[in-house]
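Letter by letter, the chains look like this.
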Amino acid sequence: MTLPTTHVSFPAGAVTGESTVLAVHPLDGGRYAVVTGATPFHPLDHTWPDQPADLGTLTVDGVELAVVDCLTGAVGPDGGSDGGPVLVGADIPVRRGDEEWSWLVLHVLAADPGDIVGRTAALAVDAGRRGALSASHSGCHLLALALNEALAPRWRKDPGRTDAFGHPDFDSLAMASSVMDTEASTDTYRLGKSLRKKGFTAEATEEFPALADALPELTEAVNRRLAGWVAADAAVRIDVPGPELTARREWNCELPEGAARIFCGGTHLHHLGELAELRTELRLSEDGSELVAVTRPKRA
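Worth saying up front: this structure is predicted, and the values here are computed from it rather than measured. (Residues numbered from 1 in each chain as written. Predicted model: local features only at pLDDT ≥ 70, side-chain atom pairs only at ≥ 80, totals over all residues. Heavy atoms only, no water.)

### Here's the deal with the overall build of the protein
Thinking step 1. The secondary structure content of the protein amounts to 4 helices and 17 strands.
Thinking step 2. For the protein, whose C-alpha radius of gyration is 21 Å, the value lies close to the compact-globule estimate of 19 Å for 300 residues.
Thinking step 3. Counting only C-alpha atoms and orienting by the principal axes, one finds that the protein spans roughly 70 × 40 × 35 Å.
Thinking step 4. Put simply, the protein has 300 residues, and 48% of those count as buried. (Helix = DSSP H or I, 4+ residues; strand = E, 2+ residues; numbered from the N terminus. Rg over C-alpha atoms; globule rule 2.2 N^0.38 Å. Buried < 20%, exposed > 50% of the residue type's maximum accessible area, 1.4 Å probe, protein only.)

### Concerning the side chain of His137
Thinking step 1. Turning to its location among the elements, His137 is positioned in helix α1 (residues 127-151).
Thinking step 2. A distance of 2.7 Å separates a polar atom in the side chain of His137 from a polar atom in the side chain of Gln51.
Thinking step 3. Every residue in contact with His137, bar those within four places of it in the chain, is listed here: Asp50, Gln51, Met180, Cys264, Gly266, Thr267 and His268. (Polar contact = N/O pair within 3.5 Å; in protein donor to acceptor, adjacent residues only side chain to side chain. Contact = heavy atoms within 4.5 Å.)

### So, the pattern of salt bridges
Thinking step 1. In the structure shown here, the tally under the stated rule is 11 salt bridges.
Thinking step 2. When the shortest N-O distance is used, the salt bridge between Asp45 and Arg96 registers 3.4 Å. Placement of the pair is Asp45 in the loop between β4 (38-39) and β5 (56-60) and Arg96 in the loop between β8 (87-88) and β9 (102-109), with a sequence separation of 51 residues.
Thinking step 3. For Asp45, a relative accessible area of 16% corresponds to the buried category.
Thinking step 4. Where salt bridges share partners, they join Glu149, Arg225 and Glu257 into one cluster. (Salt bridge = Lys/Arg side-chain N within 4 Å of Asp/Glu carboxyl O.)

### Examining the packing of α1 against helix α4 (residues 211-231)
Thinking step 1. The contact between α1 and α4 brings their axes to 9 Å, and the two run at 130 degrees. When the axes of α1 and α4 are compared, the pair comes out oblique. The hand of the α1/α4 crossing is right-handed. Between α1, through Leu142, Leu143, Leu145, Ala146, Leu147, Glu149, Ala150 and Leu151, and α4, the contact on the second element is made entirely by Leu211, Leu218, Val222, Arg225, Leu226 and Trp229.
Thinking step 2. In terms of residue class, the contact of α1 with α4 is made up of 12 nonpolar, no polar and 2 charged. (Axes fitted to C-alpha atoms, helices over the stretch in contact; angles between N-to-C directions. Parallel < 35°, antiparallel > 145°, perpendicular 65-115°, else oblique. Left-handed = near helix turned anticlockwise from the far one by under 90°. Nonpolar A, V, L, I, M, F, W, Y, C, P; charged D, E, K, R; others polar.)

### Digging into the pairing of strand β14 (residues 250-255)
Thinking step 1. Of all 6 residues in β14, 5 are buried, a share of seventy percent or more.
Thinking step 2. Sheet analysis places strand β13 (residues 236-239) next to β14, joined by 4 bridges and oriented antiparallel. In the strand pairing of β14, Val236 is matched with Cys253.
Thinking step 3. Relative to strand β15 (residues 258-263), β14 is paired through 6 bridges, and the arrangement is antiparallel. The residue bridging Trp251 from the neighbouring strand is Ile262, located in β15.
Thinking step 4. Counting the residues between successive antiparallel strands, the hairpin from β14 to β15 contains 2 residues. (Pairing = 2+ DSSP bridges.)

The structure is reproduced here in structure tokens:
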């Protein structure tokens, strides 16, 4: 029997659930991966690992087991619960969502849980940690939209990609990495030749100063926009076509300017009123090749 792709409830904000244990697989370092049919746990995405994995507990027959990590696994068409290999992270040789493969949430335990296959597990995510990560992830998307708006005048031509509000999508065009933790999101943008060829201008012109000199004003403009959006207490939801781990999910936020949509596999707030404040700090590298935005949410 081939393991089915895991069904997930974290897009709706779930932090608890019950499901049957389908398999237990050994991992490197003496750890074990528990596979259940469904889970509220958000695993680390092996293709874009921006949001850290959920942690929590898995309880079977009254025995509470600590989930010390949560990973994305995959089993090929010849694998399964009866001994087929579960591949993890970079070892997965196919694109995410390949329909011939099963895509699994792996609840990682520090030790062998024993014979628990076929039993019901109660799954509980660390809700406080999840909430902090969700705040950072929602803040990351809002920062992207506000930064796109602030930098829009610096494009000499249409780069061919715009965001939900019609601004040139600097965030996606220049993105080098995006990482979030329980305190902040850190987005690093590459300001290289490729971006300049697309039309972005970091140098001084008759219209505006060099990016390095304009950074304080840009930061103020971005933070002003973020403050307005938080004050509007906009609703946030994740639109998802199905319960499978591999379903293509979309972040949707009903901002005063209209609905903002960004494809995203992470977890988020339910509304922006859950924040008391959202502020970013923009930093430019000495050689001007990278712009870094560190965005810190303060929860209400």
